[in-house]
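# Reading the structure
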Amino acid sequence: MDVVFAVDSSGSMSGKIAKAKEAVKTFIDKIDALSDSSEAGLVSWHHGIEFSESLTNNFSYLKGKVIGIGASGGTDLNQGLRGAISVLDANSRTGSSSQVIIFLTDGVGKYDLCKTPGSESGEAADKGYDIYSIRLGAAPVKTALEDMATCTSNGKYFDSPSQKNLDTVFNDIFKTVIESTIPHNIGFEIEYANGITPTGETQSSIDGGTGLSDGQERDFSFTASSKSANDVPVLNLANSKMTYTDAKNANLVEILLKDQVHVPPRCNQAPVAICQPVALRLLPGAAEVCTNPDDVNDGSYDPDGDPISLKIDKACFSDPGEYNVTLTVTDDHQAQAVDVAPVTVECGSSKSKSGKKSGKCGKKSKSKSKSKGKKLRH
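Residues numbered from 1 in each chain as written. Predicted model: local features only at pLDDT ≥ 70, side-chain atom pairs only at ≥ 80, totals over all residues. Heavy atoms only, no water.

We now examine the pairing of strand β3 (residues 49-56). Sheet analysis places strand β2 (residues 39-45) next to β3, joined by five bridges and oriented antiparallel. Along β3, the bridge assignment pairs S44 with F51. If you look at the hairpin formed by β2 and β3, you'll find three residues sitting between the two strands. (Pairing = 2+ DSSP bridges. Helix = DSSP H or I, 4+ residues; strand = E, 2+ residues; numbered from the N terminus.)

Topologically, S10 is positioned in the loop between β1 (2-8) and α1 (17-33). The class for S10 is buried, based on a relative accessible area of 0%. Within the structure, the side chain of S10 is placed 3.3 Å from the side chain of T75, a separation counted as a polar contact. Once residues lying within four places of it in the same chain are set aside, the contact partners of S10 are W45, H46, A71, S72, G73, G74, T75 and D106. (Buried < 20%, exposed > 50% of the residue type's maximum accessible area, 1.4 Å probe, protein only. Polar contact = N/O pair within 3.5 Å; in protein donor to acceptor, adjacent residues only side chain to side chain. Contact = heavy atoms within 4.5 Å.)

This part is about the pairing of strand β18 (residues 336-347). As defined by bridge partners, strand β13 (residues 278-282) adjoins β18 across five bridges and the pair is classed as parallel. In the strand pairing of β18, A279 is matched with T344. Here strand β17 (residues 321-331) pairs with β18 via 10 bridges, running antiparallel. Bridge assignment links G321 to a residue of β18, and that residue is V345. Counting the residues in the hairpin turn of β17 and β18 gives four residues, including Q334, whose phi is positive at 70°.

The next subject is the nonpolar core. F5, F27, I31, I102, I134, F170 and I173 are the most contacted members of the largest nonpolar core, which totals 33 residues. Of all the secondary-structure elements, those providing two or more residues to this core are β1, α1, β2, α2 (59-67), β4 (99-105), β5 (130-136) and α6 (166-180). With residues near it in sequence (within four places) discarded, I173 still touches F27, I102, Y132, I134 and F158. W45, Y111, A124 and V141 belong to the second largest nonpolar core, which has 24 residues in total. (Core = buried A, V, L, I, M, F, W, Y, C linked by side-chain atoms within 4.5 Å.)

Phi at Q334 is positive, roughly 70°, even though this residue is not glycine. Within the secondary structure, Q334 is located in the loop between β17 and β18.

This next bit is on the pattern of salt bridges. Side-chain pairs of opposite charge can arise where the charged atoms are in close proximity. Taken as a whole and judged by the stated rule, the model has 11 salt bridges. The shortest N-O distance in the salt bridge between D159 and R135 comes to 2.8 Å. Linking D159 in strand β6 (residues 156-160) with R135 in strand β5, this pair joins segments that are 24 residues apart in sequence. Given a relative accessible area of 31%, D159 falls into the partly exposed group. According to the relative accessible area criterion, R135 is buried, its value standing at 14%. Among the ionic pairs, E346 bridges to R281, the shortest N-O distance being 3.6 Å. Residue E346 is found in strand β18, and its partner R281 is found in strand β13; the two are separated by 65 residues along the sequence. Note on E346: relative accessible area 39%, which makes it partly exposed. Bridged by salt links that share partners, the residues R82, D89, E123 and K127 form one connected network. (Salt bridge = Lys/Arg side-chain N within 4 Å of Asp/Glu carboxyl O.)

Taking strand neighbours across the sheet as the criterion, the four strands line up as β13-β18-β17-β15 in an open arrangement whose pairing is mixed. For this open sheet the edge positions go to β13 and β15 (308-312), each flanked by a neighbour on one side alone. In this sheet, adjacent strand axes meet at a mean angle of 30° when their direction is disregarded. (Axes fitted to C-alpha atoms, helices over the stretch in contact; angles between N-to-C directions.)

Next up on the list: α1. Taking 1.5 Å of rise per residue, 17 residues should cover 24 Å, and α1 covers 25 Å from first to last C-alpha, within 8% of that figure. Where α1 terminates, the next one or two residues include S35, which has phi positive at roughly 55°. (Expected span 1.5 Å × (residues − 1).)

The predicted coordinates of low-pLDDT regions are not to be read in fine detail. A residue-level look at the protein finds 69% of positions with pLDDT of 70 or above and a mean pLDDT of 77. Below a pLDDT of 50 lies the segment residues 364-378, which in the model reaches five contacts outside its immediate sequence neighbourhood of four places, other chains included. (pLDDT = per-residue confidence, 0-100.)

Looking now at the state of the cysteines. If you walk through the whole model with that rule in mind, you get two disulfides. Covalent S-S linkage joins C114 and C151, the inter-sulfur distance amounting to 2.0 Å. The chirality of the disulfide connecting C114 with C151 is right-handed, given an S-S dihedral of about 55°. Of the two residues, C114 is situated in the loop between β4 and α4 (120-126) and C151 in helix α5 (residues 142-151); the sequence distance between them amounts to 37 residues. (Disulfide = S-S within 2.5 Å.)

The following block contains the structure:
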């Protein structure tokens, strides 16, 4: 990342400038500790530009220049922004980098709103620079500082009611800037086994941490979907180039990952159907007796651990007897397995008045009556 500190050095800062300089130097130390290609610059401004320093990775030198910031003159916010923009404009970096202006002031001064044609904040936004503005104290300059921050894509306004709050504010800005440098929307290509074609562009993101810049590495994992309806897990694609877009969805950058592991797509295994015998009793007077898939099932499962559904071809019976019921087990890829369960339907204990078991449970069998003929006398 490239950071320019635009510090108000007007006369109103005379009692606050020492603390402001300490906060800036602490921030520079944090940039230095990243051990990456980040650079920082400096603009001391009041009603004009007191002095400015180009972007550098010589942080000891830059901290020495911070010590030289004074406190005199009037306040022109436009001048401070113009100076910071000029430093970033002169950036010689050719690769992708987050470019930030940290703008600190304690007073009201000239400022052109973002939507004003030719405004400094509007120019910063057009160039992709982000402004993090800080109000030190309670001067009525909040509107201007909020405007310049929200004018940019990732900018943010911070309040520091007193000098004691400056360290916390600068620490919050550091975390915010670092998070904005984390790559998002990582696009990658995978060579699928068995000629499987991906359903479309696959993306992932890296979350948390302290950013990813030149020379840094981070392990992560992602899942790519294929037309086989199975997920294809891939860990740490490596030895092949991979591109990502930065937080602004711009500046495609190529990075090289390590420890390549290709995991071929999993072949779906059919479920296993297991049945058990079922005994049913048809109670007296009942039209039928029924069972259900759970009664028939005896531990059917899917070897892949996928969800399964159960279905039987016949559930209800109106007559006693022996039956075969087919259980169909289906996984979420529509693979199926079947098994047959013997189902026995018996009558209850009721008997007919004649003492004989009825043909249907609880119903008398119909018997043919015999008529006795009478002899006719002639």
